Amino acid sequence: MRGTHGWAEVSRERKREIIDAIAANRATRGPVHAELDLTDRCNVACYFCNQQDLRTKESIPLPKLTDLIDELAENGLKSVRLSGGGDPLFHRDVLRVMDHLAAHNIVIDNLTTNGVALTADVATRLVRNKAREVIISLNAADAADYGRMMKVRPALFDKVLENIRTFVAVRGDSIYPSIVVQFLIDKANVHRLVEMYELGRSLKPDRIAINAVLPIPLARIDSNDLLATADRDAAEPLIEEILRRDRDAGLLQMNFAVAGWNETIDAVRQRLDAPAHNEYATAPSFKEENGGYFFAWYTATITGNGDIRPCCLLLDPAVKPLGNIHQGKSFAEHWNGPAFGKMRDEMREVLLMKHKAPYSPSRFTIIKEQCVTENLCWLKNMYFRGDAEFYAELDRKLREVRRAEIRWTGTKTQRKRAVDLFIQAHPRVKSAWDWSRERSRPLRIFLKTWLGWNLTDAV
């Protein structure tokens, strides 16, 4: 069974609680799912790590972790993801953490690891406790490229391969957990796609994930090292070859957040008549207009130094934490506090505005552009959009709320929503609106500076 960001563990009653809380603009009783980044300490130094600028040398002490798990379980936590700025298996008490989660019937929905510390003891715990998914970031086809990618001794590569083989053997005939071997490609190793696929297949996982290295905060990666749209032509024969080899095996999970690449993959699939294995289902009741985040009612991310973050994809120094578990407050006080409340306001606005809310830093101070603008975030509904009943109920409830809160006559906020939706729905009007705003910018700045008239948000 693969990971679902915890969704498979959520009861219909809790899903209705989420929908009702969105409609009423209130908190749920607690997160149903959480990412616990147990430690910021890591045993590798991947050049592409997106958490370099948040990483400390801290780990959450075991007593604090057990207290946190106890409280979250009492308020309805059903699953966790173990990941982090460091490798979760590098936490000195990781086995005790796994045991404590199991004692509360909290499922490990996903464990993401580099595999260096994936010992037989860890493997036994994961199988015995029926973890749902383990992703092992191998990232390279041989020891030399492993050293380049992970910035460690190349000899570790063979150790990780042996750990994966041991893990597969320990699991045996069980369906728990689903084992995923992941590779990352950039310009230096894209020519080795076929070797990556064959190495992955030889390890006998349930899936082989191939993804692209992406930009990270503060432009730490030279853009010349990353895949570009133009690189897809040279890679197309390699893509065709691995899709041909995988046609019957159905192991590949390949999706690139690089412009044009997925279109090439789709074209090759059609040419080969090769099915797209391992894609996430979309229910008929799912609508893109309802595809915004509901994470502020559902989940939380807690990092190795105790910071509470909006989302596992917003681990960026430009994004402020929502609090810290070491501040002397209960987690519930944070969950019901002003920072989480503000995030819910902003996520609710995106949902009400049918995913058409124009992004601006003044309008959205916690969530970022990828949270607001369509197609910039792959996570916000990937795991959930196959839930037909949930999205049907959410659609009914949002239509009720929109009728009440988006009006041409009403409060300033209600009128602004109506105007924004009208502009976004009519391309010619939007073009004229954008032109007039740009031309009037000097006047608006003058009026705001000298007279205090803020026309930016006026309707």
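Everything numeric in this text was worked out from a predicted model, so none of it was measured.

**Details of the overall build of the protein**
Then, number 1: The helix and strand tally for the protein stands at 16 helices and 10 strands.
Then, number 2: Since a compact globule built from 459 residues should have a radius of gyration of about 23 Å, the 23 Å found for the protein is in line with a globular shape.
Then, number 3: Each principal axis of the C-alpha distribution contributes one length, and for the protein these read about 70 × 55 × 45 Å.
Then, number 4: Each of the 459 residues in the protein was classed as buried or not, and the buried ones make up 52%.
Then, number 5: Within the protein, contacts between residues separated by at least 24 positions form 73% of all contacts whose residues are at least 6 apart in sequence.
Then, number 6: One way to put it: in the protein the 67 positive side-chain charges average out to a point 5 Å from where the 61 negative ones average out.

**Details of the side chain of aspartate 40**
Then, number 1: Position of aspartate 40 relative to the elements: it lies in the loop between strand S1 (33–37) and helix H2 (62–74).
Then, number 2: On the basis of relative accessible area, aspartate 40 is assigned to the buried category, the value being 3%.
Then, number 3: Here the side chain of aspartate 40 touches threonine 56 through a polar contact of 2.7 Å, side chain to side chain.
Then, number 4: Here aspartate 40 is in contact with Leu54, Arg55, Thr56, Glu58, Gly85, Gly86, Gly304 and Asn305, once residues within four sequence places are set aside.

**As for unusual backbone geometry**
Then, number 1: Between tyrosine 176 and proline 177 the backbone carries a cis peptide bond, its omega angle lying at -10°.
Then, number 2: Residue position: proline 177 is located in the loop between helix H6 (156–171) and strand S5 (178–185).
Then, number 3: Here asparagine 105, not a glycine, exhibits a phi torsion of approximately 55°, which is positive.

**Side note on the pairing of strand S6 (residues 207–212)**
Then, number 1: In terms of residue burial, S6 counts as a mostly covered element, since 5 of its 6 residues are buried.
Then, number 2: As defined by bridge partners, S5 adjoins S6 across 6 bridges and the pair is classed as parallel. Across the sheet, phenylalanine 183 pairs through a bridge with isoleucine 210, a residue of S6.
Then, number 3: Each parallel crossover has a hand, and for S5 linked through helix H7 (residues 193–202) to S6 it is right-handed.
Then, number 4: Pairing between S6 and strand S7 (residues 252–254): 3 bridges, direction parallel. Bridge pairing links isoleucine 210 to methionine 254 in S7.
Then, number 5: In this fold, the crossover linking S6 to S7 by way of helix H8 (residues 232–246) has right-handed handedness.

**Examining the packing of aromatic side chains**
Then, number 1: Applying the stated criterion across every chain, the model contains 23 aromatic pairs.
Then, number 2: Aromatic side chains tryptophan 7 and phenylalanine 384 sit 5.1 Å apart centroid to centroid with 75° between the ring planes, which places their arrangement in the edge-to-face category. With tryptophan 7 in the segment before helix H1 (12–24) and phenylalanine 384 in the loop between helix H12 (369–372) and helix H13 (388–405), this residue pair connects regions lying 377 residues apart in the sequence. Like phenylalanine 384, tryptophan 7 is buried.
Then, number 3: A centroid spacing of 5.1 Å and a plane angle of 85° characterise the contact between phenylalanine 390 and tyrosine 391, whose relative ring orientation is edge-to-face. Each member of the pair phenylalanine 390 and tyrosine 391 is classed as buried.

**Thoughts on the packing of H2 against helix H3 (residues 94–103)**
Then, number 1: Relative orientation of the contacting elements H2 and H3 amounts to 15°, with a least axis distance of 10 Å. Considering their axes alone, H2 and H3 lie roughly parallel with respect to each other. Between H2 and H3 the crossing geometry is right-handed. Residues Leu62, Leu65, Thr66, Ile69 and Asp70 of H2 pack against Arg96, Val97, His100 and Leu101 of H3.
Then, number 2: The class makeup of the residues in the contact of H2 with H3 is 5 nonpolar, 2 polar and 2 charged.

**Regarding a nonpolar patch on the surface**
Then, number 1: A cluster of nonpolar side chains, contributed by Leu443, Phe446, Trp450 and Leu451, occupies part of the molecular surface with about 490 Å² of accessible area.
Then, number 2: Note that leucine 451 resides in helix H16 (residues 441–451).

**Re the environment of leucine 62**
Then, number 1: Within the secondary structure, leucine 62 sits in helix H2.
Then, number 2: Residue classification places leucine 62 among the buried positions, given a relative accessible area of 14%.
Then, number 3: The spatial distance from the C-alpha of leucine 62 to the C-alpha of leucine 38 is 9.3 Å, given a sequence separation of 24 residues.
Then, number 4: Non-local contacts of leucine 62, meaning those with residues more than four positions away in its chain, are made with Asp93, Arg96 and Val97.

**Looking at the environment of methionine 149**
Then, number 1: Note that methionine 149 resides in helix H5 (residues 143–150).
Then, number 2: Take methionine 149: its relative accessible area is 0%, and that puts it in the buried class.
Then, number 3: Measuring from C-alpha to C-alpha, the distance between methionine 149 and asparagine 139 comes to 7.3 Å, with 10 residues separating the pair along the chain.
Then, number 4: Discounting residues that sit within four places of it in the chain, methionine 149 has contacts with Cys46, Tyr47, Phe48, Asn139, Leu184, Asp186, Asn189 and Val213.

The rules we used
- Residues numbered from 1 in each chain as written.
- Predicted model: local features only at pLDDT ≥ 70, side-chain atom pairs only at ≥ 80, totals over all residues.
- Heavy atoms only, no water.
- Helix = DSSP H or I, 4+ residues; strand = E, 2+ residues; numbered from the N terminus.
- Rg over C-alpha atoms; globule rule 2.2 N^0.38 Å.
- Buried < 20%, exposed > 50% of the residue type's maximum accessible area, 1.4 Å probe, protein only.
- Contact = heavy atoms within 4.5 Å.
- Lys, Arg positive; Asp, Glu negative; His and termini not counted.
- Charge placed at Lys NZ, Arg CZ, Asp CG, Glu CD.
- Polar contact = N/O pair within 3.5 Å; in protein donor to acceptor, adjacent residues only side chain to side chain.
- Pairing = 2+ DSSP bridges.
- Right-handed = clockwise from strand over helix to strand, strands pointing away.
- Phe/Tyr/Trp six-rings, centres within 6.5 Å; stacked < 30°, edge-to-face > 60°.
- Axes fitted to C-alpha atoms, helices over the stretch in contact; angles between N-to-C directions.
- Parallel < 35°, antiparallel > 145°, perpendicular 65-115°, else oblique.
- Left-handed = near helix turned anticlockwise from the far one by under 90°.
- Nonpolar A, V, L, I, M, F, W, Y, C, P; charged D, E, K, R; others polar.
- Patch = residues over 30% accessible without salt bridge, like charges linked within 9 Å, V, L, I, M, F, W, Y side chains within 5 Å.
- Areas by Shrake-Rupley, 256 points an atom, 1.4 Å probe, with all protein chains shown as cover.
- Salt bridge = Lys/Arg side-chain N within 4 Å of Asp/Glu carboxyl O.

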